Structures are given as structure tokens and as C-alpha cells.
Number of protein chains: 2
Amino acid sequence: MGNKDYFQDHMPENVCFGCGKNHDGLQIKSYWEGEESVCRWDSEEKYHGWANLLNGGILATLVDCHCMGTAIAHAYRLEERDMDSKPVYRYATGTLTVKYLQPTPNDITIELRAKVIEVKGRKTVMECRVFSDGIQTAQADVVAIRVFDSSESQSENPFK
Amino acid sequence: MGNKDYFQDHMPENVCFGCGKNHDGLQIKSYWEGEESVCRWDSEEKYHGWANLLNGGILATLVDCHCMGTAIAHAYRLEERDMDSKPVYRYATGTLTVKYLQPTPNDITIELRAKVIEVKGRKTVMECRVFSDGIQTAQADVVAIRVFDSSESQSENPFK
């Protein structure tokens, strides 16, 4: 587990509540497993919706951030270059759809598995499944949009 | 502002991260303004996605919890009874779709405005708009499902 190449470790400037260097945040980590990106995450009691069940919005946050990381990593992969190389790409969410199939326990490791379905210009279309102990509890469709490309910008940092 | 009848004040057992009595949560409050339900909420720095911008997952959490409150309040309203009366109804999210139209600043009060589009049996279909300083930044479609009805249950508390 300790040697995975996490997408988020290549985004040193990222402060995001879901996936950044944010000590008050969820701090998810995503990595490739073949053509799928995987995130395994352990919740805390405060993130429950009903007692012992994960809040639906936090589940959506996991999906959103895992898919934005996936869109970024996929773009570099398509160009056969590593995530620390230039130009720098960053994506933001266009549309997020989550279908809640059944309650997700809050005290069991949550696993997300996403894959890219289609790339159309600046848009990356993904699907993401959420599992608890091997049982699928949610299904999501996500569209990410490339909103930053350092080759078109004055800066190599999307935040400056 | 102080005299509003907030939906969430009629859910004493609610521990939800988004809308419950949860000191580590968002603690949103929703109320009727005619046929629309309204929520006004101030973020904290930790909930940013990019610096100074609201995290998209937290935005989805606001939408989700505001719409679940709206579905509950609307069900009681349809039956012309107050939210402390029996039977007790509770809803959970079936599907949540959020379209991010533009970035939402994290340091300006966020306003959500939802309305019920259709009720079909146990399903309540809503749309919800998100505003920052009067500018719409997101549009959402939400389906809520009645998952608890105390008249069909051994308990009057959905959590026991």
C-alpha cells in the first residue's frame, strides 16, 4: 500500500477540502489499477448522515474529487508523460450525477472505482462506482472540464 | 431572520453532517418563502476547493441536505399538518445531479432556492438553484425517496 503513486501527490498547490493538503479535509488518495482509478477511504463519525451511515454529500465529495484526480491523471497518461511534467493541466467539475443505490456504512472502508468513458476536447466523461465491503452502494456519472493549461497561461500554477 | 420556522428544528434526532445537530457539520437551516424553500449559509475556509472557491462536494452536500429538508417539509405541507405531528416521515436521496455553471466564492453567503416539481408515490422530484451574491452558480435536480413513515413502523423514530 505504501508505494502507490497517488495522483494527489503531484498537486503540491492543492488545498481542496476533498483531495488537497487540508488538515481539516478528507485527504483522499487515488491511484491507477489498470484502466480503473481506485480510492480507498476511511470516514469519521462526524461525516455521518443518519447514525452509522455516510452522509450523501460527503459521498458526492469523494466521487467528485476522485474523478477530478482521475481526469487529470488520464490526460497526462494519454500524452505518455508523468504528472510532474509540463504543461500543467487542471480540471473542474462540469456535471456530477450520483445515484444512491443503498445506504453506505460509515464505519467500513469505502472504495471508489472510476474509469474514463470518453474524452471530447476539454471534457472528460467518467463513471464511478462506490463500494462498501464489496457491495456497490452508489453509481455516478461525472463530466470534468479542463479549466487550466499552463501552455496557454502566463503561469505554471493554476492558482496564481 | 430570527423568527423563521426552520425545517431542521423539527428533526431533533437528526445528526447529519449537513443538516443535523452536528457541531462538526454544516448545520444548514431551510425555510419556506412561498413555494420555494430557501437556505442561506456561510462557509469556512476549510471548505474551499481551490483557494477562495467553495468545494464542489460541499456545494453538493448543501443541495442534498436542503432538498431532503424540502421533501420532508413539503410532505407535511401537502397533508396540511405541522412538522411535529404524526405520522413522522423521513426522506433519503435517490439521485442527485449538480451542474456547476461557474465557480462559487467561498467567502460570500451562499443561497439555495429549491422547489418541488412533482410527487410520485414515495418520490419527490425537486430542482434547486445555487446563488452567490445574486448570481446563479449551480443548478441541481434531486429525487428524494420516502424511506420512513411512522404509520408503517414499530417506532416513531426513524433511527431506532
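Let me sum up the structure you'll find in this document.

1. Some details on the overall build of chain A
- When helices and strands are counted, chain A shows one helix and six strands.
- For chain A, the α and β elements follow one another from N to C terminus as β-β-α-β-β-β-β.
- In summary, chain A has a C-alpha radius of gyration of 15 Å against a globular reference of 15 Å for 160 residues, a match within 12%.
- The principal-axis extent of the C-alpha atoms belonging to chain A is close to 50 × 30 × 30 Å.
- Burial status across chain A gives 44% buried among its 160 residues.

2. What about the interface of chain A and chain B?
- Contacts between chain A and chain B engage 30 residues on the former and 30 residues on the latter.
- Among the secondary structure elements, those contributing two or more residues to the side of chain A that touches chain B are α1 (56-78) and β3 (89-100) of chain A.
- In terms of residue count, β3 of chain A provides more of the side of chain A that touches chain B than any other element does, eight residues in total.
- In the side of chain A that touches chain B, the residues fall into 13 nonpolar, 13 polar and four charged.
- Of the strand pairs in this sheet, β3 of chain A and strand β3 (residues 89-100) of chain B are connected by five bridges, and their pairing is antiparallel. Among the inter-strand pairings, T95 of chain A is bridged to a residue of β3 of chain B, identified as K99 of chain B.

3. Some words on the environment of T70 of chain A
Residues and elements named next belong to chain A.
- Following the sequence through the fold, T70 ends up in helix α1.
- Between the C-alpha atoms of T70 and K115, which are 45 residues apart in sequence, the distance is 7.8 Å.
- Those residues within four positions of T70 in sequence are excluded, and the remaining contacts are S30, S37, A114, V116 and M126.

4. Quick notes on the sheet that holds strand β2 (residues 36-41) of chain B
- Judged by pairing direction, the sheet is antiparallel, and its twelve strands sit side by side in the order β1(A)-β2(A)-β4(A)-β5(A)-β6(A)-β3(A)-β3(B)-β6(B)-β5(B)-β4(B)-β2(B)-β1(B) without closing on themselves. The strands lining the two open edges of the sheet, one partner per strand, are β1 (30-33) of chain A together with β1 (30-33) of chain B. Looking at each pair of strands side by side, their axes are set apart by 30° on average, direction ignored.
- Inspection of the sheet shows β1 of chain A paired to strand β2 (residues 36-41) of chain A by four bridges, in the antiparallel sense. Bridge pairing links W32 of chain A to S37 of chain A in β2 of chain A.
- Relative to the sheet, helix α1 (residues 56-78) of chain B contacts β3 of chain A together with β1, β2, β3, β4 (110-120), β5 (123-132) and β6 (135-149) of chain B, its axis offset from that of β3 of chain B by approximately 140°.

Procedures and definitions
Residues numbered from 1 in each chain as written. Chains lettered and ligands numbered in written order. Predicted model: local features only at pLDDT ≥ 70, side-chain atom pairs only at ≥ 80, totals over all residues. Helix = DSSP H or I, 4+ residues; strand = E, 2+ residues; numbered from the N terminus. Rg over C-alpha atoms; globule rule 2.2 N^0.38 Å. Buried ≥ 20, exposed ≤ 12 C-beta atoms within 10 Å, placed from the backbone. Contact = placed C-beta atoms within 7 Å. Nonpolar A, V, L, I, M, F, W, Y, C, P; charged D, E, K, R; others polar. Pairing = 2+ DSSP bridges. Axes fitted to C-alpha atoms, helices over the stretch in contact; angles between N-to-C directions.

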